[in-house]
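Examination of the molecular architecture
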Amino acid sequence: MRRALPVELPRFRLGQLPTPLHDAPRLARAIGVARILVKRDDLTGFAGGGNKVRKMEFLLGDALAGGADTIIAVGGPQSNAVRTALVAARAAGLDPIAVMYGDPPAERDGNLVLDDLAGARLVFTGQADRASMEPAAEALAADLRAAGKRPYVIPRGGATAVGDAGYVDASAELAEQLDSLGAAPAHLVVATGSCGTQAGLIAGAAWLGAPYDVRGILVSRPREEAVPRLLELAQATADLLRLGITIGPEDVRVEEGFLGPGFGIASPEGAAAQRLALASEGLVLDPTYTAKAMAGVIGLINDGTIRPDASLVFVHTGGEPAVYARSH
Ligand SMILES: Cc1ncc(COP(=O)(O)O)c(C=O)c1O
């Protein structure tokens, strides 16, 4: 039986849930581990939004409950979170605006194609520094408020306690699926960027007494930044949902060393993992997040952290539009 969240937050349904959980036996054999179960959150079924769809259901729910009429989504030009937020805003009848760093790219590819199709207004800060986005979004929100509008700002990655509730809910969904398979995997591996997905999974695992540890493969932030952020977000999410748990440092496991040349730039290990996942199981991994996460799985098997006789869950968080993008 699926465990219900103790607090029912406002939710605007977008996704096709539950997503499948299935074995990837050829991939498991190829990388030398007993069992890989793939949680197909690339198939959440709304605007190709992957993991972000679960967050947007709660963020849009919160925005609507607060009477918002505009969504301001903050993130890079190839942000999956921004694209999903913009389309979700449209679906909810709100005005979609994005605040992005840099200048408008000459060529609109990947996620930007969908941003355009959604008819969203894209505001570029004109500065290469990502930190230029937050003040620009706040200034825009202030201007809109002064003009009588009611904007709701979705920060980078949708990483707030409200958004991360989507991954506590996903944990309950996964627990039910594992139960029906009689599976008790020792590990769960996920790509970690803004930290919200992993934070929700950590809170969910602690709440449910899950058999697996939650391991985040860092694809953008250094460990020193990610660990306190994960602790804070996981606890805030647990508190918001009144899960009655305390998250400790022992719950927060992140792996550095799979970032490669940098955020949004393909790594050789990631490219190899991408080819392997495609050729063995037809899984399409993206260069920024999921290919590096799979490279992390392979690295953890090779260094003995994940034993050859172990079972694991790999959360496929989506990101497919970036596979076809030249700009990042
Ligand atoms: C495809 C994909 N996978 C993983 C992540 C990482 O999730 P989070 O930002 O919650 O850490 C993101 C978000 O940026 C993403 O777009």
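Quick look at the structure, then.

Here is what the cut-offs are and how they apply
Residues numbered from 1 in each chain as written. Predicted model: local features only at pLDDT ≥ 70, side-chain atom pairs only at ≥ 80, totals over all residues. Heavy atoms only, no water. Helix = DSSP H or I, 4+ residues; strand = E, 2+ residues; numbered from the N terminus. Polar contact = N/O pair within 3.5 Å; in protein donor to acceptor, adjacent residues only side chain to side chain. Contact = heavy atoms within 4.5 Å. Buried < 20%, exposed > 50% of the residue type's maximum accessible area, 1.4 Å probe, protein only. Salt bridge = Lys/Arg side-chain N within 4 Å of Asp/Glu carboxyl O.

1. Details of the side chain of Thr-19
Looking at the secondary structure, you find Thr-19 in the segment before strand 1 (21-23). At 2.7 Å, the side chain of Thr-19 forms a polar contact with the side chain of Asp-41. Leaving out residues up to four positions away in the same chain, Thr-19 has contacts with Lys-39, Arg-40, Asp-41, Leu-43, Thr-44, Arg-54, Glu-173 and Gln-177.

2. Describing unusual backbone geometry
If a residue is not glycine, its phi is most likely negative; likewise, a peptide bond is most likely trans. A cis amide bond links Leu-17 to the next residue, Pro-18, at an omega of 0 degrees. Note that Pro-18 resides in the segment before strand 1. Although it is not a glycine, Ala-47 sits at a positive phi angle of roughly 55 degrees. Relative to the helices and strands, Ala-47 is located in the loop between strand 2 (35-40) and helix 2 (52-65). Despite not being glycine, Cys-195 shows a phi value in the positive range, around 90 degrees. With respect to the element layout, Cys-195 can be found in the loop between strand 7 (187-192) and helix 7 (196-208).

3. Side note on the side chain of Thr-290
You can see Thr-290 is positioned in helix 10 (residues 290-302). Look at Thr-290 and you get buried, because its relative accessible area is 1%. Thr-290 has contacts with Leu-285, Phe-314, His-316, Thr-317 and Gly-318, leaving out every residue within four places of it along the chain.

4. Topic: the pattern of salt bridges
If charged atoms from side chains of opposite charge come close, those side chains can pair. This structure, assessed with the given rule, holds 18 salt bridges. Salt-bridge contacts for Asp-169 lead to Arg-2; the nearest nitrogen and oxygen are separated by 3.0 Å. Placement of Asp-169 in helix 6 (residues 161-181) and of Arg-2 in the segment before strand 1 is noted, with a sequence separation of 167 residues between them. The exposure class assigned to Asp-169 is buried, which follows from its relative accessible area of 8%. According to the relative accessible area criterion, Arg-2 is partly exposed, its value standing at 30%.

Function-wise, these values are silent; they only describe arrangement.
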